[in-house]
Amino acid sequence: MLGNVKYRPPVGIEPTLFRSQLLAGDSRTIHHALHWILTNKEQVKNTAYLAKYLKIPDIPADVVRNSSVQDLLDLYQNLIDEFKDVHKRTRMLQKENASEIINDIKEMAVERDIVIKRLENVQIHLVDVRDKEELLNMSKLLRLQQERAKELESQYDMQQLQLKTASEQLKRYLSVIHGQSATPKSASDVIKHLQEEIQLNSYLVKEKLPQESANLQKELNIMQAIASEQHPTRSDLITVQDKIAAVNSEVEQLVQRRLAASDPQEDKLAPFRQQAAVIRRNKEASAARVHELTASLKEHEATLADLRSQVKQLLGDMVLRGEELKKYVNALRTKSNLYKRQRANLSSFKVEAGILTRTLHILSTNDPTVEIALVNHKKMKIDEDDLVEKDHDKATDLAKKSLHDLSQLVAQTAQKLSQVRQEIQPLGEKVKPIKQEFQEVQQRYEQKKRIYEATSINISSQMDPLKNQVKELTDQLNRKEDEWKNLRQKITKAESLQEVVMFEMKNSMQSPRKPSQMEALKKKVADMEEAVKNLEEEQRAISSRQGNVQEQTRLWQNTLQLLRCKIKARNEPAARQERMHITQHSQMLTLT
């Protein structure tokens, strides 16, 4: 659980010691873990929520090999990827500013009121209109006809698109028929290509497939015979091995007889047989290659059909390609730029409206007469509208008086407003480049952010299958290389043995026969045995004389020691009386 919430033990504590303390219920360890969890509550909550759905269960290797379990794991991994995408979108929506949504709601409410007022005005104007129902029916029919015209236009565009796609498919099929070339060929080339395909298919049907079926039938018969028999014992295996050895020896004898009987110089058909064998092997290899390519082509066509079905489910029947897709992307880009420009203008208008409202508030706080004058001006306008219908002369006199008073107030407020504008103007000039720079940076940031998010999602979704595919291909390549090395070693060994055998066979057929390799090896073995025998005899002689040699060595060592003692005694000073008795065979030195 601590690993799922990304908890890290304290620095300086080994993992084994931490686990043992945690299992033993050490208070310091548990308190440290609880303190970290409670201080990082939101992070732990989010991590535990994600770990609940993103953690892959541990399954033994022998269970994973099951196909149903593997399908379930693939489905589980796809659901994890979908959960990641949904979670990212949810977090992005949560991070969006709620003020924009509130402003949109307010603007929609204002637009609703405007529409309601327009409907009321239209109803008022339609009170005195005759044949109102007939006009409404005609307008309804007009609207239906306009919608029908739009549907027909869209249907016409769809048919044009389908015609274009069909023409492209026809071009592709023609290029395939004409040998995968961009320019069509003549009829003779097409017929030649079809004849080659017919020959290939006839070879596959008449020779390749019957041979494979016969081989499979033989293997099946052998397997059935083995399955029907009883389990062989050790004696049965030994008898079978003896029979195999006897048959191999007979085959070798027959081959030697045939080679001895036939003269290779007279066999003029040997090169043609070799060429026929080479052609047959090349033919079989090409047929196997064609079979593999057809199987891979079917697999790719199946995957292409699946992808097309998925695209059709996601995008519908209309799928934009080529120039139309570029036009659609350019139109979206222009619309997005226009939307950003209008949004920037709207934000600038909002800022200016806020500045004006703030200025008006400051003016009204400094001079309350300004607000009173504005209210009186609004009231005067309303009164003017009412009085125009009743008495136009009185309204004109009152308007002149009110306008005279209002002109004085407006002159005063204009003077104050000009002073305030002069004070605000340098600040506004400083703020404008900063504001423009901020908008540009904001736009670049949003673009880079969208590009980064799209790129990260694409890379994360594409890297996992590519990594798995690269790993599988590397493993397969290593296995193939090992197999190739083993086969190469076996081939070289077999070739060397074949050369030796051919040399021996040729040597056996020649009249002044040279000594064969077997005879040379036997001679070497005999020489080596003779040398080993001589060495053993020398070893026995040396071991028999070893006792005498040791005794002689001991006597010489004693003699040397005696002579050293004599030399030492002769060199010492005559401090004591000495007597030496010399006889015929020995000397005696007496010290007193």
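The rules behind the values
Residues numbered from 1 in each chain as written. Predicted model: local features only at pLDDT ≥ 70, side-chain atom pairs only at ≥ 80, totals over all residues. Heavy atoms only, no water. Helix = DSSP H or I, 4+ residues; strand = E, 2+ residues; numbered from the N terminus. Buried < 20%, exposed > 50% of the residue type's maximum accessible area, 1.4 Å probe, protein only. Areas by Shrake-Rupley, 256 points an atom, 1.4 Å probe, with all protein chains shown as cover. Patch = residues over 30% accessible without salt bridge, like charges linked within 9 Å, V, L, I, M, F, W, Y side chains within 5 Å. Salt bridge = Lys/Arg side-chain N within 4 Å of Asp/Glu carboxyl O. Lys, Arg positive; Asp, Glu negative; His and termini not counted. Charge placed at Lys NZ, Arg CZ, Asp CG, Glu CD. Polar contact = N/O pair within 3.5 Å; in protein donor to acceptor, adjacent residues only side chain to side chain. Contact = heavy atoms within 4.5 Å. Phe/Tyr/Trp six-rings, centres within 6.5 Å; stacked < 30°, edge-to-face > 60°. Core = buried A, V, L, I, M, F, W, Y, C linked by side-chain atoms within 4.5 Å. pLDDT = per-residue confidence, 0-100.

## What to know about the overall build of the protein chain
Summing up its helical and strand segments, the protein chain has 15 helices and two strands in all. Expressed as a percentage of the 592 residues in the protein chain, the buried residues total 7%. With an accessible surface of roughly 52500 Å², the protein chain has 59% of that area assigned to carbon and sulfur atoms.

## Remarks on a negative patch on the surface
Together, D527, E530, E536, E537 and E538 make up a region of like negative charge exposed at the surface. With respect to the helices, strands and loops of the structure, E538 is situated in helix α14 (residues 517-544).

## Description of the side chain of T47
Mapped onto the elements of the fold, T47 is located in helix α3 (residues 41-54). In this structure the side chain of T47 is engaged in a polar contact, spanning 2.7 Å, whose partner is the backbone oxygen of Q43. With sequence-adjacent residues up to four places away left out, T47 is seen in contact with N4, V5 and K6.

## A word on the packing of aromatic side chains
Applying the stated criterion to the full structure yields five aromatic pairs. Aromatic pair Y49 and Y53: ring centres 5.4 Å apart, planes at 70°, arrangement edge-to-face. Of the two residues, Y49 and Y53 both sit in helix α3, four residues apart, roughly one turn of that helix. Judged by relative accessible area, Y49 falls into the partly exposed class, the value being 40%. One aromatic cluster is present, built from ring pairs that chain together Y7, F18 and W36.

## Notes on the pattern of salt bridges
Scanning the entire structure with this criterion turns up four salt bridges. Across the pair E147 and R143 runs a salt bridge, and its minimum N-O distance is 3.4 Å. Taken together, the residues span about one helical turn, with E147 and R143 both in helix α7 (residues 132-177) at a distance of four residues. With a relative accessible area of 36%, E147 lands in the partly exposed category. A residue is classified by how much of its surface remains accessible, and R143, at 41% relative accessible area, is partly exposed.

## Focus: a nonpolar patch on the surface
A cluster of nonpolar side chains, namely L22, I30, L34 and L38, defines an oily patch on the protein surface of about 350 Å² accessible area. Broken down by element, the residue count for the nonpolar patch peaks at three residues, all from helix α2 (residues 27-39). Looking at the secondary structure, you find L38 in helix α2.

## What about helix α1 (residues 15-24)?
Where burial is concerned, little of α1 is hidden: one out of the ten residues are buried. Residue G25 follows α1 closely and has a positive phi angle near 80°.

## Describing the nonpolar core
Counting residues in each nonpolar core, the largest one holds eight residues, listed as L2, V5, Y7, F18, A33, W36, I37 and V44. Among the elements that line this core, the one with the most residues is α2, at three residues. Apart from residues lying up to four places away in sequence, Y7 is in contact with L2, F18, H32, A33 and W36.

## Side note on the side chain of K340
Positionally, K340 belongs in helix α11 (residues 323-366). Buried within the structure, K340 lacks any salt-bridge partner; E446 is the closest side chain of opposite charge, at an N-O distance of 5.7 Å. Not counting residues within four places of it along the chain, the set of residues in contact with K340 comprises Q447 and R450.

## A look at the confidence of the model for the protein chain
Model confidence for the protein chain is summarised by a mean pLDDT of 77, while 78% of its residues fall at 70 or above. Of all secondary-structure elements in the protein chain, the lowest mean pLDDT belongs to strand β2 (residues 587-591), at 51, while helix α15 (residues 546-571) reaches the highest, 88. The low-confidence segment residues 180-184 (pLDDT under 50) makes four contacts with residues lying over four places distant or belonging to another chain. Per-residue pLDDT stays below 50 along residues 398-402; that stretch engages in three contacts with residues further than four places along the chain or on separate chains.

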